[in-house]
Amino acid sequence: MMKFPNEFLEKEKIYMPYMVGCHLENAPPEAIQAYKENMEWIRNNND
């Protein structure tokens, strides 16, 4: 099971209110950026 750092969890709080299914809806730029950064972290740490 993957353990997420606190920074990841803080970013998740920014974009989760805009998640509908598996995509963002009506999200402000900071939510989109936080989502992109978390997805990049997952790609780089998915061993």
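As shown above, the structure is provided for reference.
Computed from a predicted structure; not experimentally measured.

S.K.: Just checking my understanding: could you explain helix H1 (residues 6–15) for this structure?
M.R.: For H1, the set of buried residues is Phe-8, Lys-11 and Tyr-15. Taken end-on, H1 shows its buried residues confined to a sector of 65 degrees, consistent with a single buried face. In H1, those exposed residues whose orientation departs by more than 90 degrees from the buried face are Asn-6 and Lys-13. On the buried face of H1, the contacting elements are strand E1 (19–20), strand E2 (23–24) and helix H2 (29–44).

S.K.: Before we go on, may I ask you to explain the packing of H1 against H2 in this structure?
M.R.: When two helices pack together, their arrangement is captured by the angle between the axes and the distance separating the axes. In the contact formed by H1 and H2, the axes pass within 8 Å of each other and the chain directions differ by 140 degrees. The angle between H1 and H2 places the two elements in the oblique class. Crossing handedness for the pair H1 and H2: left-handed. Where H1 approaches H2, its residues Phe-8, Lys-11, Glu-12, Ile-14 and Tyr-15 are matched on the opposing element by Glu-30, Ala-31, Ala-34, Tyr-35, Glu-37, Asn-38, Met-39, Trp-41 and Ile-42. The residue inventory of the contact of H1 with H2, partitioned by class, reads nine nonpolar, one polar and four charged.

S.K.: Looking at this structure, how should I read H2?
M.R.: Helical periodicity: at 3.6 residues per turn, an α-helix aligns residues three or four positions apart in one direction. Here H2 is 16 residues long and its end C-alpha atoms lie 23 Å apart, about the 22 Å a rise of 1.5 Å per residue gives. Taken residue by residue, H2 has Ala-31, Ala-34 and Asn-38 as its buried positions. Taken down its axis, H2 places every buried residue within 65 degrees of arc, on the same side. Exposed residues lying more than 90 degrees from the buried face of H2 are Pro-29, Lys-36, Arg-43 and Asn-44. On the buried face of H2, the contacting elements are H1 and E2.

What counts as what
- Residues numbered from 1 in each chain as written.
- Predicted model: local features only at pLDDT ≥ 70, side-chain atom pairs only at ≥ 80, totals over all residues.
- Heavy atoms only, no water.
- Buried < 20%, exposed > 50% of the residue type's maximum accessible area, 1.4 Å probe, protein only.
- Helix = DSSP H or I, 4+ residues; strand = E, 2+ residues; numbered from the N terminus.
- Arc of directions from axis to C-beta.
- Contact = heavy atoms within 4.5 Å.
- Axes fitted to C-alpha atoms, helices over the stretch in contact; angles between N-to-C directions.
- Parallel < 35°, antiparallel > 145°, perpendicular 65-115°, else oblique.
- Left-handed = near helix turned anticlockwise from the far one by under 90°.
- Nonpolar A, V, L, I, M, F, W, Y, C, P; charged D, E, K, R; others polar.
- Expected span 1.5 Å × (residues − 1).

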